[in-house]
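# Close look at the chain arrangement
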Amino acid sequence: MLSRVAESVYWMNRYMERAENYSRFLDVNFQLSLDLNEDSNRQWMPLVYTTGDNELFSRKYNTPSKENVIHFMSLDTENPNSIMNCLIRARENARTIRENISTPMWEVINEFYLTIKSKKKFEESDMPGIAEFFKAIRNQCLLFYGCQEATISHDEVWHFALLGRLLERADKTTRILDMKYFILLPSREEVGSTLDLIQWLSLLKSASAHEMFNRFYTRITPKNIAEFLILDKIFPRAIRFCLSKTFDSLKILSGTEKDSYGDETEKRVGVLLSEMNYASIDEIFSSGMHEYLDQLQVRLNGIAAQLDETYFRN
């Protein structure tokens, strides 16, 4: 398999996953602002910090208003991580490997691009329909995943697609958790308050985890939520689940035996997964949740960089 094809299918999926994640937590935050009747810096600026684009945002916009943040993260072509730019790059990667993906996949991503391209800017008058806009984005991303699942062979192309989606998903889960634990950390008086509870519920919804969380936990507490999103074995957006499936795909790609590893990428994922298999949420809290999540992000970035070096630069 050509490294060019592997890299393109990997990034096509990373960008689609990023667009879907952004649409989800922007929508959840929009709904939260309606419930709280709040449009303050505290409500919107944390989303920009979550994506790591706060410096660019501050240079371009005077205030982190609802309209500015939504436009910046959705349609701003100067923001390399906006939904629009993610879609442009995903489509370009799909175009370069057109012969390796199915016609339904190409049609979905192309129609998605043309639909979003027609939207230029959000005005105050657009706000009532913003929830439908984000819902349409999520539905298109899910349609793309479904087409990919059902219409291409589950060979090397498929596994590189999974690697892109899973590593992006794990990274974004660490970021939305860190947003609550570090950026939105309430004052001592607000811990356990109605506002605190609403924010925790919003965090679960940002990861599409609310209903599944309720199946296994009876109380919404910081430890329960962190345990579910970090250490759960079977929830698709939990970090441990993402790493487990990443490791499975890497084993198939390298062709190594179960008790060995074929390259540095596989080793890094295996070591991190082993640590998580024996970790407890109490230990994580004792060592510092923000520090733990920050280190997870560093290691996930290292895995992505090593994957690039191993498979795409040869």
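Higher on the page you've got the structure.
Note that the structure is a prediction, hence the values are computed from the model and not measured.

### Some points on the nonpolar core
- M16, L26, I109, L229, I230 and L243 are the most contacted members of the largest nonpolar core, which has 98 residues in total.
- Lining this core are residues from two domains, each supplying at least three of them: domain 1 (1-152) and domain 2 (153-313).
- Beyond its immediate chain neighbours, meaning those up to four positions away, L229 contacts T173, L177, L203, A207, A209, F235, R237, A238 and I239.

### Observations concerning unusual backbone geometry
- Phi at S208 is positive, roughly 50 degrees, even though this residue is not glycine.
- With respect to the secondary-structure elements, S208 resides in the loop between helix 9 (194-206) and helix 10 (210-216).

### Some words on the packing of aromatic side chains
- Tallying each qualifying case throughout the model produces 15 aromatic pairs.
- With a centroid separation of 5.3 Å and an interplanar angle of 55 degrees, the aromatic rings of Y10 and F312 are classed as tilted. Of this pair, Y10 sits in helix 1 (residues 3-36) while F312 is found in helix 15 (residues 289-312), placing the two residues 302 residues apart along the sequence.
- On the basis of relative accessibility, which here comes to 4%, the residue F312 falls in the buried class.
- Following the ring pairs from residue to residue traces out a cluster consisting of Y10, W11, Y15, F160, Y311 and F312.
- The ring of Y145 is capped by R165, whose NZ or CZ atom sits 4.3 Å from the centre of that ring.
- Just above the ring of F285 sits the side chain of K223; from NZ or CZ to the centre is 5.5 Å.

### A look at the pattern of salt bridges
- Going through the model one piece at a time under the given rule, you end up with 20 salt bridges.
- Between K172 and D171 there is a salt bridge, with its nearest N and O atoms 3.1 Å apart. The pair formed by K172 and D171 is uniform in burial state, with each residue classed as buried.
- The closest approach of N and O atoms between K251 and E266, which form a salt bridge, is 3.0 Å. With a gap of 15 residues between them, K251 in helix 12 (residues 239-254) and E266 in helix 13 (residues 264-277) connect regions that are remote in the sequence. The two residues K251 and E266 agree in class, both being buried.
- Beyond isolated ion pairs, a larger network of salt bridges with shared partners links R14, R18, E168, D171, K172 and R175.

The rules behind the values
Residues numbered from 1 in each chain as written. Predicted model: local features only at pLDDT ≥ 70, side-chain atom pairs only at ≥ 80, totals over all residues. Heavy atoms only, no water. Core = buried A, V, L, I, M, F, W, Y, C linked by side-chain atoms within 4.5 Å. Buried < 20%, exposed > 50% of the residue type's maximum accessible area, 1.4 Å probe, protein only. Domains from an automatic or database assignment. Contact = heavy atoms within 4.5 Å. Helix = DSSP H or I, 4+ residues; strand = E, 2+ residues; numbered from the N terminus. Phe/Tyr/Trp six-rings, centres within 6.5 Å; stacked < 30°, edge-to-face > 60°. Lys NZ or Arg CZ within 6 Å of the ring centre and 35° of its normal. Salt bridge = Lys/Arg side-chain N within 4 Å of Asp/Glu carboxyl O.

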